[in-house]
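# Observations on chain architecture
Here are the chains, one letter per residue:
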Amino acid sequence: MNAAMAREGSPSVIYRKDYQAPRFQVPTVAMTIAIFPGYTRVSSQLQLQRSDGSVGDLCLDGESLQLEAIAIDGVDLSPDAYDYNGSQLTLKQVPASCTLQTTVIIHPEDNTSLEGLYKSRTLYCTQCEAEGFRKITFFPDRPDVLSVFTVTLEADASTCPVLLSNGNLQSTTTLDDGRHQAVWHDPWPKPSYLFALVAGDLARVDDSFVTASGREVALHIYVEAKDLAYCDHAMASLKHSMRWDETVYGLEYDLDLFNIVAVDDFNMGAMENKSLNIFNTSCVLAAPDITTDAGYQRVEAIVAHEYFHNYSGNRVTCRDWFQLSLKEGFTVFRDAEFSADMNSRGVKRVEDVTFLRTHQFAEDAGPMAHPVRPDSFIEISNFYTLTVYEKGAEVVRMLHTLLGHDDFIAGAQLYFKRHDGQAVTCDDFVTAMADASGRDLSQFRRWYAQSGTPELTIEEAYDAAQGRYTLTVRQRNGDYSEPLHIPLAVGLLENGQPKVFDNGSSTVLLEVTEAQQQFDFDNLSSRPVPSLLRGFSAPVRLKAEESSSHLQALIAGDDDDFVRWDAFQRYATQVLGQVAAGDTLDEGFFSAFGSALTAIKDPAVTAQLLALPSEEYLADLAAASGGVDVFAIRNAREQLKLAIAQRFEDRWRALFADLAITGPYEPSGPQIGARSLRHLALDYLAHLPDAAVADATALFASADNLTDRLAGLRTLVHYGHREARESALTQFFNDWHNEALVVNQWLSVQAGRPAAAACDEVAALMDHPSFDWRNPNKVRALLGAFSAGNPTGFHRTDGAGYRLLADAVIRLQASNPQIAARLCSPLTRYRRYQHGVELMRSELERIGNVEGLSRDVYEVVDRSLSQ
Ligand code: B3K
Ligand code: ZN
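Residues numbered from 1 in each chain as written. Chains lettered and ligands numbered in written order. Predicted model: local features only at pLDDT ≥ 70, side-chain atom pairs only at ≥ 80, totals over all residues. Heavy atoms only, no water.

### What to know about the site of ligand 1
Contacts to ligand 1 come from 13 residues, most closely from Glu-129, Glu-272, Glu-306, Glu-328 and Tyr-389. The side chain of Lys-327 places a nitrogen or oxygen atom 3.4 Å from a nitrogen atom of ligand 1. Contact between ligand 1 and Tyr-389: an oxygen atom at 2.5 Å from a side-chain N or O atom of the residue. Elements supplying a minimum of two residues to the shell around ligand 1: β21 (270–271), α2 (293–308) and α3 (324–342). Across the shell around ligand 1, the residue classes break down as five nonpolar, three polar and five charged. (Near = heavy atom within 4 Å. Polar contact = N/O pair within 3.5 Å; in protein donor to acceptor, adjacent residues only side chain to side chain. Helix = DSSP H or I, 4+ residues; strand = E, 2+ residues; numbered from the N terminus. Nonpolar A, V, L, I, M, F, W, Y, C, P; charged D, E, K, R; others polar.)

Here's what the structure looks like:
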């Protein structure tokens, strides 16, 4: 514990090892939720059954509820029969089987945490995962209590004509005083975190889907009337997801209605509430002028992700929140495979690996490092992390790789069948995989328990006389001594060509299970070049031979998209080192670059190949070897970009001209690929003095879609002179100020300008009428983009960037603790930098000293200061 923060009443730590099964079950719940201006009355009837059949105390969660009435089996309780301390309600001597009735008042209008029932603009909506239901009513608010819910909603009919909850609509009734009521019943038992309601004035898009067995499911997307034209892409994505889950996993939707509702103020992307998914508008609305290419793909992926949760999460849920990756890791794996099937598999894999290596690896090396299945937490909201989601998905992917597709699907089907309607653990998931495949996965389970990124060192040897090639593999797992079970997919290039193995493929799977292990390959007449970790078969840091000849051979001849891309990244990283050291640059790199630039098969692949490693990724590499100097990283990267722009200026110009799309905008693979390479060309050209201003201005002015318009704007703002920058920004805002999602992009482009002055501009934008502290999208677009995506601005040497962020965290920590805690993370990694360490630390201390600091922020700050 950090001394500065140790104080009385510090939030307590919850441990996985302390798990106890619930004492009471709640088979059914009936709730009436009556919404009035300024307050809402919630009456609940819980059917309670004590698991061991005895009489005893009952403890229910309830956060800041105003209790109006409480009764058991219709008899009001006297004040000495219960105790409510503001977060827990304790009832004495409760019968083994009874009905508890409570009535409470809550105030959604004042709920700025966006957890529980709250108001987003004119709309009432809920977010209950993980522990928001306790802000609505008294309940055992834990995922292993599953109940059948019947929900009666009441509200004013003119302001809230739409009343939605989970399951099927049973009845609607007109009441007195212009009010009305709807009754919803969800036949599937579910934990409280999947409860949802929506009340407001919404328009709706209708469609339907016929399941494999011939049932018709009504599909509705609810949005504000002004957004009705923006729902087609989400609807198409939903239907594709439903079909895909039937085809690949044999899973059919299990109700006759599926609703999606879009809300403006939302802490994350979306939420998988049973049959009533609630989405951040940014993850559901799509149209060429308001959505980028990446945005279209994100909508598709998130719609799929939430839909897939209907089985991986809802039908089979988590026993406790330590098991979060059970549903999240698995569902991210499922949505990634869906996106790979819908679009380009190789491109998707490289995108995901880039994201993981840049952000999850950094998390795993920082103060918030934790295993995929954490052992303890103070606030569960802090553990919706890249480790639980993305590394968790990699762990599931490794199972898929080790078992093969058919056995993996058999394992998944066994898991869904065996545990339908249950709340289970990550161990149960692996057991189903082991049982279905007959594989021993006992060592594999360590992936769930050990934090940090494993390091795999591979050495090679060739015995020409025997024709034998040997790979020696060593694994290191930080402080852990027990080796992991690592699938290592390998290929060999013989004379520049991928060798075809006895299995008929150019890949063999090696299973690394020991700290050090050797693998022999025989009958090789010449020394091969190894193609390692094909498809990024395990989430590890790979250390292997990196001579230019090796890298060149892989770039020229390998047939694995990931390995070719990774070889380019390694090569570029080496050359960036040469730039930084003032050494002569490796000509081989430029010739590999030139070849890739002339022989283009798939522009999307080429664009990924020829984009230099990001500053953030380079920072992660530097952190592992002596400390990060963000300015040195940027300088080297900009210099190399200039060199590349100069050498290939003609080619970049030709590409910029040739890749222009003449037809109407489509978010299709070929168009997205062409645009991404074209924008890369513009980005390189922008490094030539003033050369790209005309191109960027023309692109900005003539664009018929946001992707092009934003590429033009970003180039002008990041590389143009002041006049060009300001006039483009003014025009963009004037044209799009009515589209909130587009304004977010406008904020992000400015927050990302790589200059010390960006800090002052961000400060000024916080006072701009379009900025809104209550709206997480705005906070992320401005402060998130600045602190996590603009190293030059954020790390400016006078510490103003750190101060700005700390001020924002302090301002938000009480009103929206979740967003405040997330916002902190760029400060928490202060130890990895060569500069600014003390400045960052003192800002963290300033946050830590705030009186009554929220649990969320406390945990993040305390962990970073006491690391
Ligand atoms: N399950 C939700 C995340 C809830 C976050 C709560 N703090 C969205 C998702 O992963 O699908
Ligand atoms: Zn999820």
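Back to the text.
### Overview of helix α22 (residues 776–789)
For α22, which comprises 14 residues, the first-to-last C-alpha distance of 17 Å sits more than 12% below the rise-based estimate of 20 Å (1.5 Å per residue). Roughly 35 degrees is the biggest bend found in α22, and it falls at Leu-783. Counting buried positions along α22 gives 10 out of 14 residues, so the element sits mostly inside the fold. (Expected span 1.5 Å × (residues − 1). Bend = angle between axes of the 7 residues up to and from the residue. Buried < 20%, exposed > 50% of the residue type's maximum accessible area, 1.4 Å probe, protein only.)

### A closer look at the state of the cysteines
With the rule as written, the count across this model stands at zero disulfides. Here Cys-128 is not disulfide-linked; the sulfur of Cys-125 is the nearest cysteine sulfur, at 10 Å. Judged by relative accessible area, Cys-128 falls into the buried class, the value being 0%. Left without a disulfide partner, Cys-160 is nearest to the cysteine sulfur of Cys-125, which lies 11 Å away. Its relative accessible area of 3% is what places Cys-160 among the buried residues. (Disulfide = S-S within 2.5 Å.)

### Concerning the environment of Ala-696
With respect to the helices and strands, Ala-696 occurs in helix α17 (residues 693–702). Residue classification places Ala-696 among the buried positions, given a relative accessible area of 0%. Once residues within four sequence positions are removed from consideration, Ala-696 is found in contact with Leu-682, Gly-712, Thr-715 and Leu-716. (Contact = heavy atoms within 4.5 Å.)

### So, the pattern of salt bridges
When charged atoms on two side chains of opposite charge get close, those side chains can pair. Within this structure, the stated rule accounts for 67 salt bridges. Note that Arg-418 is salt-bridged to Asp-435, the shortest N-O span being 2.8 Å. Of the two residues, Arg-418 sits in helix α6 (residues 405–418) while Asp-435 sits in helix α7 (residues 426–437), which places them 17 residues apart along the sequence. Notably, a salt bridge pairs Arg-570 with Asp-566, separated by 2.8 Å at the nearest N-O pair. You can see Arg-570 and its partner Asp-566 sitting in helix α10 (residues 561–581), four residues apart, about one turn around the helix. The pair Arg-570 / Asp-566 is uniform in exposure class, with both members buried. (Salt bridge = Lys/Arg side-chain N within 4 Å of Asp/Glu carboxyl O.)

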